[in-house]
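# Secondary and tertiary structure notes
So you can see what is in the structure, the chains are spelled out below.
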Amino acid sequence: MAMKLLIILSLLFTLGSADIIIDVTDFGTKADGKSDDSHAFVKAWNSACNSEDSTTFQVPAGKYLLYPTTFGGPCKSSKITINLKGELIASPDINKVKDGAWIRFEKVEGLEINGGVLDGKGALYWVCKEDDGDCPIGAKSLLFNKCKNVTINNLTSMNSKKFHIVFNDSKGIKVHGIKIRAPGDSPNTDGIHVEGSSDVLITDPSIQTGDDCISIGPGTHNLHVERVTCGPGHGISIGSLGHHLDEAGVQDVTVKNVVFDGTTNGLRIKTFARKSNGFVKNIVYDGVVMNNVENPIIIDQKYCPHEHCPHQKSSIKISDVTYKNVMGTSATEVAINFACSACKNIELQDVYLTYKQGEAQASCTHANGKTTGYVIPPSCL
């Protein structure tokens, strides 16, 4: 009887236990948007990271000025939940940059971030870039490097100096309901960049920015993107690829239920015209609406934005790419442009793209594949 009572009490204690609560304001934050709160955040993080229990990291309402800050792992805690009710603010000083990132999570596993606002204060940096000045490296607002099992819910990132959110060499990522905001002419402000990462799920993002809404770099596989609104921006891009001879490929990517509004591109794959062992394969685009998009469907294997490219042929192999249920309007006559070095097994299924000033056109170079269902403009595959 005594043993049964002991077991019941033990179970009740376990069920009633809660996460360790760590409030960043207990570590000396000012939360006035002017005083440097970086050190207080690092101290609070170290306390959470070194806990043996699951931990909730509380950031109450307020404005917190952070200089470039790294939240490092591995952690003893198997799960850290950051409830971000306040606004994190970067310094507008373009020289206050460290390792190309403003907020960095390094080798962290079991992290969840809920809510909050990141303000990268990028305007002065954009002016420097536009003036072709001698600019410093610039900062990605939020970088995850070598992280596992990361969830981000309902975060807002605005005015990043460079890329807004980056996942590099990471695995098991879930991103839901984020908002990204930057002017349409802000340079290199990609919304979400995924590189060298796997098992990534991105759902319901709303992205307005000056570069790619979502960019997909070498070594990415098992990426699923769904219910995206993009514009202004440069669309959803695989690439640019072919920076190096030995480069990991991109494969098993699904993009579903996307709306592009006034973007410079819709669905784009871009590679430099040089030798590379990289590849792109098993890509599915399904359920896409184009509203006045300049290049709704484009594969560009002669990508050369700065005119310093070698006069070579791209050896990136592109195969098994499917476009289905794609409809809407093109802002240019060529609505489908496959400028390939050697694209194989391209499929167009139920594609309907029109051009307001005449008939839309399709252009193919070294591309082969098939069409099913209705395809407008008429296929050149």
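Summarised in this report is the structure supplied together with it. Each chain has its residues counted from 1, following the order in which its sequence is written. The predicted nature of this model means local features are confined to residues of pLDDT at least 70 and side-chain atom pairs, given and counted, to a pLDDT of 80 or more, with totals for whole chains, interfaces and linings taken over all residues. Excluded from the side-chain calculation are hydrogens and water; included are all heavy atoms of the structure.

The amide bond that connects G231 to the next residue, P232, takes the cis arrangement and shows omega of 0°. Position of P232 among the secondary structure elements: in the loop between strand 21 (221-230) and strand 22 (236-241). In the segment running from G239 into S240, the intervening peptide bond is cis, with an omega of 15°. In this structure, K107 takes a positive phi of about 55° despite not being glycine. Relative to the assigned elements, K107 resides in the loop between strand 8 (101-106) and strand 9 (109-114). Here a strand is any run of E in DSSP of at least two residues, a helix any run of H or I of at least four, and the numbering for each starts at the N terminus.

Take the pattern of salt bridges next. Note that side chains of opposite charge can pair when their charged atoms are close. By convention in these notes, a salt bridge is any Lys or Arg side-chain nitrogen within 4 Å of a carboxyl oxygen on Asp or Glu. Scanning the model with the defined rule gives nine salt bridges in all. As a salt-bridge pair, R104 and E106 come within 3.3 Å of each other at their nearest N and O atoms. Relative accessibility under 20% of the residue-type maximum defines a buried residue, over 50% an exposed one, and the middle range a partly exposed one, all with a 1.4 Å probe and only protein chains included. Looking at E106, the relative accessible area reads 18%, which means it is buried. In this structure, the salt-bridge partner of D212 is K270, at a minimum N-O distance of 3.5 Å. Linking D212 in the loop between strand 19 (206-208) and strand 20 (214-216) with K270 in strand 24 (residues 265-272), this pair joins segments that are 58 residues apart in sequence. Here D212 and K270 have matching classes, each one buried.

Here the focus is a nonpolar patch on the surface. On the surface, V259, V289, M327, Y352, Y374 and I376 cluster together into a nonpolar patch covering about 480 Å² of accessible area. Secondary-structure assignment places V259 in strand 23 (residues 250-261). Taking relative accessible area as the criterion, V259 reaches 31% and is therefore assigned partly exposed. For patches, a residue must show more than 30% relative accessible area and have no salt bridge; joins then use 9 Å for like charges and 5 Å for nonpolar side chains, namely Val, Leu, Ile, Met, Phe, Trp and Tyr. With residues, only the protein chains shown are counted as cover, and all accessible areas are computed by Shrake-Rupley using a 1.4 Å probe.

With that settled, the discussion passes to helix 2 (residues 38-49). Under the convention used throughout, the expected extent of a helix is 1.5 Å for every residue step, that is, one less than its residue count. Counted at 1.5 Å a residue, the expected span for helix 2 with its twelve residues is 16 Å, and the 16 Å between its end C-alpha atoms agrees. Those residues of helix 2 that fall on the buried side of the exposure criterion are S38, A40, F41, A44, W45, A48 and C49. An end-on view of helix 2 places all buried positions within 165° of arc, on one side of the element. Helix 2 presents H39 and K43 as exposed residues on the side facing more than 90 degrees away from its buried surface. In this description, one arc is meant: the one made by directions from the helix axis to the C-beta atoms.

In this section: the nonpolar core. Joining through side-chain atoms within 4.5 Å is the link that ties buried Ala, Val, Leu, Ile, Met, Phe, Trp, Tyr and Cys residues into a set, and such a set is a nonpolar core. One finds F105, F144 and Y323 to be the most contacted residues of the largest nonpolar core, which totals 86 residues. A per-element tally of this core places strand 28 (residues 334-355) first, with ten residues. If sequence neighbours within four positions are ignored, F144 has contacts with F105, L111, I113, V150, I152, I165, V166, F167, N168 and S170. In this analysis, two residues are considered to be in contact whenever any of their non-hydrogen atoms come within 4.5 Å of each other.

Okay, the environment of T264 next. Within the fold, T264 resides in the loop between strand 23 and strand 24. Taking the C-alpha atoms as reference points, T264 and P296, separated by 32 residues in sequence, lie 8.2 Å from one another. Each residue touching T264, except ones within four places of it in the same chain, is listed here: G233, H234, E294 and N295.

The side chains of a regular strand alternate, first on one face of the sheet and then on the other. Counted residue by residue, strand 6 (residues 80-84) has four buried out of five residues, so it is predominantly covered. Strand pairing is assigned whenever DSSP identifies at least 2 bridges connecting the two strands. Strand direction decides the pairing type here: strand 3 (residues 55-59) and strand 6, joined by five bridges, are parallel. Within strand 6, the residue paired with V59 across the bridge is L84. Pairing analysis gives four bridges linking strand 6 to strand 9, with the strands arranged parallel. Across the sheet, the residue bridging to I80 is L111, located in strand 9.

Here S160 is to be found in the loop between strand 13 (156-158) and strand 14 (165-168). Here a polar contact means two N or O atoms within 3.5 Å. Within protein one must be a hydrogen donor candidate and the other an acceptor candidate, and residues neighboring in sequence count only if both atoms are side-chain atoms. A polar contact is formed between the side chain of S160 and the backbone oxygen of F163, at a distance of 2.8 Å. Excluding residues within four positions of it along the chain, S160 makes contact with G120, G122, W126, A139, K140, S141 and T189.

A word on the packing of aromatic side chains. Side-chain rings of Phe, Tyr and Trp, where Trp is taken by its six-membered ring, are said to pair if the distance between their centres is within 6.5 Å; with planes under 30 degrees apart they count as stacked, over 60 as edge-to-face, and otherwise as tilted. With the rule as written, the count across this model stands at ten aromatic pairs. A ring pair is formed by F144 and F167, whose centres lie 5.1 Å apart and whose planes are at 15°; its orientation type is stacked. Placement of F144 in strand 11 (residues 140-145) and of F167 in strand 14 is noted, with a sequence separation of 23 residues between them. Ring centres of Y323 and F338 lie 5.8 Å apart, and the angle between their planes is 40°; this geometry places the pair in the tilted category. Residue Y323 is located in strand 27 (residues 317-330), and its partner F338 is located in strand 28; the two are separated by 15 residues in the primary sequence. Classification of Y323 by relative accessible area gives buried; the value is 0%. Given the relative accessible area of 1%, F338 is considered buried. Sitting over the face of the ring of F279, K281 holds its NZ or CZ atom 5.2 Å from the ring centroid. For a lysine, the NZ atom is tested; for an arginine, the CZ atom; a charge sits over a ring if that atom is within 6 Å of the ring centre and within 35 degrees of the ring normal.

As a further point, take the pairing of strand 27. Where strand 25 (residues 279-293) lies against strand 27, eleven bridges are found, and the strand directions are parallel. Across the sheet, Y285 pairs through a bridge with Y323, a residue of strand 27. Judged from the eleven bridges that link them, strand 27 and strand 28 form a sheet pairing that is parallel. Residue pairing for strand 28: T322 is matched across the bridge by E347.

Attention shifts here to the state of the cysteines. We call a pair of cysteine sulfur atoms a disulfide whenever their separation is within 2.5 Å. Scanning the entire structure with this criterion turns up five disulfides. C213 shares a disulfide with C230; S-S distance 2.1 Å. Disulfide C213-C230: the torsion about the S-S bond is 85°, which places it as right-handed. Placement of C213 in the loop between strand 19 and strand 20 and of C230 in strand 21 is noted, with a sequence separation of 17 residues between them. Taking relative accessible area as the criterion, C213 reaches 0% and is therefore assigned buried. There is a disulfide in this structure between C364 and C380, and the S-S distance comes to 1.9 Å. Between C364 and C380, the S-S dihedral sits near 70°, and the bridge is therefore right-handed. Of this pair, C364 sits in strand 29 (residues 361-376) while C380 sits in the segment after strand 29, placing them 16 residues apart in sequence. The class of C364 is partly exposed, set by a relative accessible area of 23%. Residue C380 is classed as partly exposed on the basis of its relative accessible area, which comes to 30%. Not part of a disulfide, C147 finds its nearest cysteine sulfur in C75, a span of 9.4 Å.

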